[in-house]
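Each chain, letter by letter, is given below.
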Amino acid sequence: MDLSLMNKEQKEAIQHTEGPLLIMAGAGSGKTRVLTHRIAYLLAEKGVPPYNVLAITFTNKAAREMKDRVHALIPNADDAHKIWISTFHSMCVRILRRDISHLGYENSFSILDPTDQNSVVKSILKNRNLDTKQHHPRKILSYISDKKNQLIDPAEAMSESVGFSDGLYSEIYKDYQEILYRNSSLDFDDLIMLTIELFKKEPQVLEYYQNRFQYIHVDEYQDTNQAQYELVSLLSQKYRNICVVGDSDQSIYKFRGANIENILNFEDDYPDAKVIFLEQNYRSTKTILDAANAVIGNNTSRKPKDLRTVRQGGKKIKTILADSERAEGQEILRHVMDLSSKYSYSDMAVLYRANSQSRAVEDAFVKGSVPYKMIGGMKFYSRMEIKDLMSYLKVIQNPHDDISFERIINTPKRGIGLKTVEKLLNYGSVNELSMYDAIKEADFIGIPKGAIVTLMKLEDMIENLRKKSKFLSVTELVDEVLEDTGYISVLEKEDTLESRSRIENLEEFKTVTREFDNDNDVSDELLFNFLSDMALVSDQDSVEADSGVTLMTMHASKGLEFKVIFVVGLEEGIFPSQRVMFDEDELEEERRLMYVALTRAEDQLILSRADSRMIYGKIESNVESRFLKEIPTELIDGGVVEIDSKKAQNPFAKRGGRTHRRTPTVLTDNSGVTFKVGDKVAHKKFGDGIISNIKGEGDSKELDIIFTKEGPKRLLANFAPLEKKE
DNA sequence: CTGGCTAATCTTTTT
DNA sequence: GATTAGCCAG
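Please read all numbers here as calculations on a predicted model, not as lab measurements. (Residues numbered from 1 in each chain as written. Chains lettered and ligands numbered in written order. Predicted model: local features only at pLDDT ≥ 70, side-chain atom pairs only at ≥ 80, totals over all residues. Heavy atoms only, no water.)

## Examining the nonpolar core
Going by this rule: The set of buried Ala, Val, Leu, Ile, Met, Phe, Trp, Tyr and Cys residues whose side-chain atoms join them within 4.5 Å is what this entry labels a nonpolar core. Classification of residues uses two cut-offs on accessible area relative to the type maximum, computed with a 1.4 Å probe and protein chains only: under 20% is buried, over 50% is exposed, and between them is partly exposed. Bear in mind that the domain bounds are from an automatic or database domain assignment. Any pair of residues with heavy atoms lying within 4.5 Å of one another is described as a contacting pair.
Counting residues in hydrophobic clusters, the biggest one holds 66 residues, and the most contacted among them are M91, L191, F199 and V218. Looking at which domains feed residues into this core, each of domain 1 (8–97 + 194–278) and domain 2 (110–183) gives three or more. Residues within four places of F199 in sequence aside, it is in contact with I95, V205, L206, Y209, L231, L234 and L235. Within the second largest apolar cluster, 47 residues are counted, among which are F380, V478, V481 and L482.

And the structure:
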């Protein structure tokens, strides 16, 4: 095994295979490389069988990447396949599918997504005659999640509750858990909690996995919560070959239960632990690291470390001060265009604190015709039409899934109202029947004749689809569902911008099913396996290798790297966010987020803020973020702001006589062209159109153009790739 | 029961 | 400002 390209600490980490090991890996220190090589080393040099190795990550993406990289290092593909490399959640699903019956759940349990959870809580509130305004479902759900992450069951929560609302929440928690149990449904937190419960209740099951996983790796250990910590401890108890990797300075998920103490106390948990520091950064220039180190140095509760880089010097950090968030977007656009002579779009990323901030940047990019891809934000899988379709599939798989059935019982509209649903639910809960079975006895419940006929038809249809599901591919089944239910025809009839986009999304969904169909043969289990897979997929995973500037939250950027990083909205109240400004602990977490953002950059950092911006429809003014002030001034390109905003009037103006910049072909400079209303134009991407309106002056002059094919768009006159016709 | 209106809430971050 | 939930009239 060739380790000659590794530094001393990396080699040490790879070769220290026995006993507990803590790797404190600074940003950009090559920790994934170390982990993958360590796994390969275990197999190749230590003769460890592949099925004895486990590696746990947080995201599917990280798991996939690690798998790919391990496979590349291991000659035998079959061996590589036997290594468990998965997320906490999918690992637990695998374990529970096998043995959850010990806890009374069906092995075919379904997994709830946040929307489902929300409707469960709402129905509980309704049953208890409680107002959703007084008791926010979100708050209750985060209470429940909190308890589960701490492995506190409803009974315990109840007994230790203090005060009225705490007591009430614990009772709702109890209801919630009972409903899930009756539906054989698990939420994300259950996956972890119930695995632990299973291990504790059935020691032989735990022992099986302890023997199986003799070498355990946990990535991003600083992000583990109490339950995950417990799970890892249980699994590693017997062989104690536990290797955890993390960086306490990059702990940014406290809000969802991550406990930074887990990594800080590792040496207390395992007094014989070997600790290795990876402090050699291979990613960023010295300027960038100096800035990041200076910022994070303001955190008091941390273990100081000394992150170094081989990349001396580097471009100074640019700052942007814009008037408004709109102007900020335009400034970003200018810089992106400017830099696109040297970098490709996919080398650049724009990071923000909250998804809502993407808007202004997107607008600017659209108008300037800069390609971009957004991570997160408007989530594909939480779109109505996708959720409806998934609910149909879930009901076909398991008609007793009340949560999904309730969603589709009147979708598309078939005249089943709230009253009927309520009656079915009530009758069902009294007689311990699912809604689906309750329909069969609808005559006794006092449901109108017409509704009964409709419901019978619905059941017929579902039964039919279910039969078909046994011999159709998922894609074919989806087509049948959309057809038989009339879902598509309703959308087609509607024929609005919105309905057309919904149809497009459903088509897009079929690319997902096709992919699945390619890897899986038609069988009785096909639909079940598909649904099980889908439950753990998130929008975060679909980071394609497409070209284009990446737009995402700073949270989503963890683990990634780009040549050029823009951080926008560096204002007090935005970042750090208003709600954490007066809590020292949370402020430190926010500062770690800044640290994560800065350390994503390889070559160049551009930090921006706006004098005022629109928040909740009101214009508000915020002062410079403290994080910006924490960067030593000598690292910042001082004169740039003024000079650049003048020069940037025309991004193609020669700068200071230097002519080394090559004009990228995709970009256009229309500043010499006069457009008037009624002019016919041709756009590189959108095709032919006619100018319907013009407003603004100079670089912010905008054209409203009605395109023959693509409809109306608003574009920046000077930058859009337009050609005047005739 | 449906569709349209008003009001409230939203902006943290996610498996 | 925009989406969404809840309310009310038809």
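## Some details on the protein's contact with DNA strand B
Put simply, the rule is: Whether a residue is near a molecule or strand is decided by its heavy atoms; if any one of them lies within 4 Å of it, the residue is near. N or O atoms closer than or at 3.5 Å make up a polar contact, with two conditions inside protein: a donor-capable atom paired with an acceptor-capable one, and, for residues adjacent in sequence, both atoms drawn from side chains. A run of DSSP states H or I qualifies as a helix once it reaches four residues; a run of E qualifies as a strand once it reaches two. Both are numbered from the N-terminal end. Following the grouping adopted for this structure description, the nonpolar residues are Ala, Val, Leu, Ile, Met, Phe, Trp, Tyr, Cys and Pro, the charged ones are Asp, Glu, Lys and Arg, and the polar ones are all others, Gly among them.
As a matter of local geometry, DNA strand B sits amid 26 residues, with R138, R256, R353, G417 and R579 nearest to it. By atom count, sugar and phosphate contribute 61% of the portion of DNA strand B lying within 4 Å of the protein. R138 has a polar side-chain atom sitting 2.7 Å from a phosphate oxygen of DNA strand B. When residues of the surface near DNA strand B are assigned to their parent elements, the largest contribution, three residues, is made by helix 20 (residues 418–431). When its residues are assigned to classes, the surface near DNA strand B shows eight nonpolar, 11 polar and seven charged.

## Focus on the protein's contact with DNA strand C
Around DNA strand C lies a shell formed by K122, T132, R359, M614, Y616 and G617. Within 4 Å of the protein, the contacting atoms of DNA strand C are 44% sugar and phosphate, with bases supplying the remainder. Residue composition of the surface near DNA strand C, by class: two nonpolar, two polar and two charged.

## Focus: the state of the cysteines
In protein chemistry, a disulfide is the covalent bond that joins the sulfur atoms of two cysteines. Quick note on the threshold: Defined by distance alone, a disulfide is two cysteine sulfur atoms within 2.5 Å.
Summed over the entire model, instances satisfying the criterion amount to zero disulfides. The structure places no disulfide on C92, whose sulfur is separated from the nearest cysteine sulfur, that of C243, by 19 Å. On the basis of relative accessible area, C92 is assigned to the buried category, the value being 0%. Judged by its relative accessible area of 1%, C243 is buried.

## So, the domain arrangement of chain A
Along its sequence, chain A is carved into domain 1 (8–97 + 194–278), domain 2 (110–183), domain 3 (308–371 + 545–637), domain 4 (384–522) and domain 5 (679–724). Each of domain 2 and domain 3 has a C-alpha centre, and the two are 37 Å apart.

## Quick notes on the packing of helix 2 (residues 31–44) against helix 3 (residues 60–73)
Under the convention used in this document: Axis angles are defined between N-to-C directions and span 0 to 180 degrees, where every axis is a line fitted to C-alpha atoms and, for a helix, only to the segment in contact. For this classification, under 35 degrees means roughly parallel, over 145 means roughly antiparallel, 65 to 115 means roughly perpendicular, and everything else is oblique. Whether a crossing is left-handed or right-handed is set by the direction in which the near helix is turned from the far one by less than a right angle, anticlockwise for left-handed and clockwise for right-handed.
At a closest axis distance of 9 Å, the pairing of helix 2 and helix 3 adopts a crossing angle of 45 degrees. Considering the angle they form, helix 2 stands oblique to helix 3. The interaxial crossing formed by helix 2 with helix 3 has right-handed handedness. Here T32, R33, L35, T36, H37, I39 and A40 of helix 2 lie close against helix 3, whose contacting residues are M66, R69, V70 and L73. Partitioned by chemical class, the residues of the contact of helix 2 with helix 3 number six nonpolar, three polar and two charged.

## Comments concerning the UniProt feature "domain: UvrD-like helicase ATP-binding" (unreviewed entry) in chain A
Put simply, the test is: UniProt positions are given in the numbering used here, feature names are shortened, and annotations may be inferred rather than shown by experiment.
When the UniProt feature table is mapped onto this chain, "domain: UvrD-like helicase ATP-binding" (unreviewed entry) is found at residues 4–285. Counting secondary structure, residues 4–285 comes out at 53% helix and 12% strand; the distance between its end C-alpha atoms is 24 Å.

## Focus: helix 1 (residues 8–15)
Selection rule: An arc is given here, and it is the one of the directions from the helix axis to the C-beta atoms.
All of the buried residues in helix 1 are Q10, A13 and I14. One face of helix 1 carries all of its buried residues, which in axial projection span an arc of 100 degrees. Between the side-chain oxygen at the start of helix 1 and the backbone nitrogen of E9 there is a gap of 3.1 Å, and the oxygen is on N7.

## Observations regarding the pattern of salt bridges
Note the threshold: The salt bridge definition used is simple: a Lys or Arg side-chain nitrogen within 4 Å of an Asp or Glu carboxyl oxygen.
Across all of its chains, the model carries 46 salt bridges by this definition. E12 serves as the salt-bridge partner of K274, at 2.8 Å between the closest nitrogen and oxygen. One end of the pair, K274, is in strand 8 (residues 274–278); the other, E12, is in helix 1, and 262 residues separate them in sequence. What makes E12 partly exposed here is its relative accessible area of 30%. Notably, a salt bridge pairs E463 with R466, separated by 3.4 Å at the nearest N-O pair. Placement of the pair is E463 and R466 together in helix 22 (residues 449–469), with a separation of three residues, close to one helical turn. For E463, a relative accessible area of 27% gives the class partly exposed.

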